[in-house]
Amino acid sequence: MAKTALITGASQGIGACIARTLAAEGFQIAVNCRSEREVENGGKEVAEACRALGVEAECFICDVSDYAACGEMVKAVKERFGSIDVLVNNAGITKDGLLVRMTEEQFDAVTNVNYKSVFNMTRHVGAVMFRQKSGRIINISSVAGLYGNMGQFNYSAAKAGIIGMTKTTAKELGSRGITCNAVAPGFVRTPMTDVLKDDYKQEIQKNIALGRLGDPEDIANAVAFFASDKASYITGQVLEVSGGMSM
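Residues numbered from 1 in each chain as written. Predicted model: local features only at pLDDT ≥ 70, side-chain atom pairs only at ≥ 80, totals over all residues. Heavy atoms only, no water.

1. Some thoughts on the overall build of the protein chain
Phase 1 of the analysis: Looking only at helices and strands, the protein chain features 9 helices and 7 strands.
Phase 2 of the analysis: Its C-alpha atoms give the protein chain a radius of gyration of 17 Å, near enough to 18 Å, the size a compact globule of 247 residues would have.
Phase 3 of the analysis: Across its three principal axes, the protein chain shows a C-alpha extent of roughly 50 × 35 × 35 Å.
Phase 4 of the analysis: A total of 247 residues make up the protein chain; the buried ones form 51% of that total.
Phase 5 of the analysis: The contacts of the protein chain with a sequence gap of at least 6 include a subset with a gap of at least 24, amounting to 74%.
Phase 6 of the analysis: Accessible surface computed for the protein chain: about 11800 Å², of which carbon and sulfur atoms make up 52%.
Phase 7 of the analysis: Distance from the positive charge centre (26 side chains) to the negative charge centre (27 side chains) of the protein chain: 5 Å. (Helix = DSSP H or I, 4+ residues; strand = E, 2+ residues; numbered from the N terminus. Rg over C-alpha atoms; globule rule 2.2 N^0.38 Å. Buried < 20%, exposed > 50% of the residue type's maximum accessible area, 1.4 Å probe, protein only. Contact = heavy atoms within 4.5 Å. Areas by Shrake-Rupley, 256 points an atom, 1.4 Å probe, with all protein chains shown as cover. Lys, Arg positive; Asp, Glu negative; His and termini not counted. Charge placed at Lys NZ, Arg CZ, Asp CG, Glu CD.)

The following block contains the structure:
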């Protein structure tokens, strides 16, 4: 039976690329979208692209910041595909602002989607994997979680917290054959970053050793490695994929 991968926030950007990349590796794909609108504006296309690669794929609507809703989605995915072998916690948003001006709403919105969702999904999917005695959990963190970033107190806090959860999950679930690792992207071309001004992007690019911005495929390839048998003895690790942004 083919293995199944569930990717949160998979209607566009890095999540969509991860879905397509894992589909190319033979995984059945559960494409998580936050709303029916996301299904129509990207999710459906991602699922169709995965099916074109010869695997089964379906969209599942769920606000991953909602614990109970995550439980219902995980149940639906398990019933549809029979197992959940890979979980990619990718869902994320930004609401940037300097700390002295940041509102409680900005902080809560970002930490609920970027951080609490990782608990929600790992708690529910972890129970499935625990019974299966196997599984791969891959969390999408960020260089902002490793080094901080001006104007992203909320985002940096959430992404740093994900690293702590990754290491603890690895220790708690390792005895059941479950690995948990994180990928920390640098500056990647996505719809989230496309809105930034060109001069700002050029300034960032000057601080990247490889001299270019990342592509979603760079992150997806790292996720595919952690999801593969080649990474069966790797757990609790954080792989920075930033082109040397921190050097």
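2. Observations regarding the pattern of salt bridges
Phase 1 of the analysis: Tallying each qualifying case throughout the model produces 8 salt bridges.
Phase 2 of the analysis: Where Lys 206 meets Glu 203, a salt bridge forms, and the shortest distance between an N and an O atom there is 3.4 Å.
Phase 3 of the analysis: By relative accessible area, Lys 206 is classed as exposed at 62%.
Phase 4 of the analysis: Judged by its relative accessible area of 43%, Glu 203 falls in the partly exposed class. (Salt bridge = Lys/Arg side-chain N within 4 Å of Asp/Glu carboxyl O.)

3. Notes on helix H3 (residues 67-81)
Phase 1 of the analysis: Over its 15 residues, H3 runs 21 Å from end to end, which matches the ideal 21 Å to within 8%, given 1.5 Å per residue.
Phase 2 of the analysis: Of the positions making up H3, those classed as buried are Cys 70, Gly 71, Met 73, Val 74, Val 77 and Phe 81. For H3, the arc enclosing every buried residue in end-on projection is 165°, short of the 170-degree limit, so these residues lie on one face. Opposite the buried face of H3, by more than 90 degrees, sit the exposed residues Ala 68, Glu 72 and Glu 79.
Phase 3 of the analysis: In this structure, the buried residues of H3 make contact with strand S1 (4-7), strand S2 (28-33), strand S3 (57-61) and helix H4 (104-132).
Phase 4 of the analysis: One side-chain oxygen at the N-terminal end of H3 lies 3.1 Å from the backbone nitrogen of Ala 68; it belongs to Asp 66. (Expected span 1.5 Å × (residues − 1). Arc of directions from axis to C-beta. Polar contact = N/O pair within 3.5 Å; in protein donor to acceptor, adjacent residues only side chain to side chain.)

4. A closer look at the sheet that holds strand S6 (residues 178-185)
Phase 1 of the analysis: Reading across from one edge, S3-S2-S1-S4-S5-S6-S7 is the order of the 7 strands in this open sheet, with parallel pairing throughout. Taken across any chain shown, the strands that pair with only one partner, and hence form the sheet edges, are S3 and strand S7 (238-241). Across the sheet, the mean angle separating the axes of adjacent strands is 20° when strand polarity is ignored.
Phase 2 of the analysis: Relative to strand S5 (residues 135-140), strand S4 (residues 86-89) runs parallel, the two being bridged by 4 bridges. In the strand pairing of S5, Val 86 is matched with Arg 136.
Phase 3 of the analysis: Packing of helix H2 (residues 36-51) onto the sheet brings it into contact with S2 and S3, and relative to S3 it is tilted by some 160°. (Pairing = 2+ DSSP bridges. Axes fitted to C-alpha atoms, helices over the stretch in contact; angles between N-to-C directions.)

5. Structural notes on the nonpolar core
Phase 1 of the analysis: Counting residues in each nonpolar core, the largest one holds 34 residues, and the members touching the most others are Ile 7, Ile 18, Leu 22, Ile 29 and Val 88.
Phase 2 of the analysis: For this core, the elements supplying multiple residues, two or more each, are S1, helix H1 (13-24), S2, H2, S4, S5 and helix H9 (216-227).
Phase 3 of the analysis: Non-local contacts of Val 88, meaning those with residues more than four positions away in its chain, are made with Leu 6, Ile 7, Thr 8, Ile 18, Leu 22, Ile 138, Ile 140 and Val 223.
Phase 4 of the analysis: One finds Leu 6, Val 64, Phe 81 and Met 121 within the second-largest nonpolar core, a separate group that totals 22 residues. (Core = buried A, V, L, I, M, F, W, Y, C linked by side-chain atoms within 4.5 Å.)

6. Quick look at a nonpolar patch on the surface
Phase 1 of the analysis: Taken together, the side chains of Leu 98, Val 100 and Met 150 present a nonpolar region at the surface, about 370 Å² in accessible area.
Phase 2 of the analysis: Along the chain, the position of Leu 98 falls in the loop between S4 and H4. (Patch = residues over 30% accessible without salt bridge, like charges linked within 9 Å, V, L, I, M, F, W, Y side chains within 5 Å.)

These results come straight from atomic positions and should not be treated as a statement about function.
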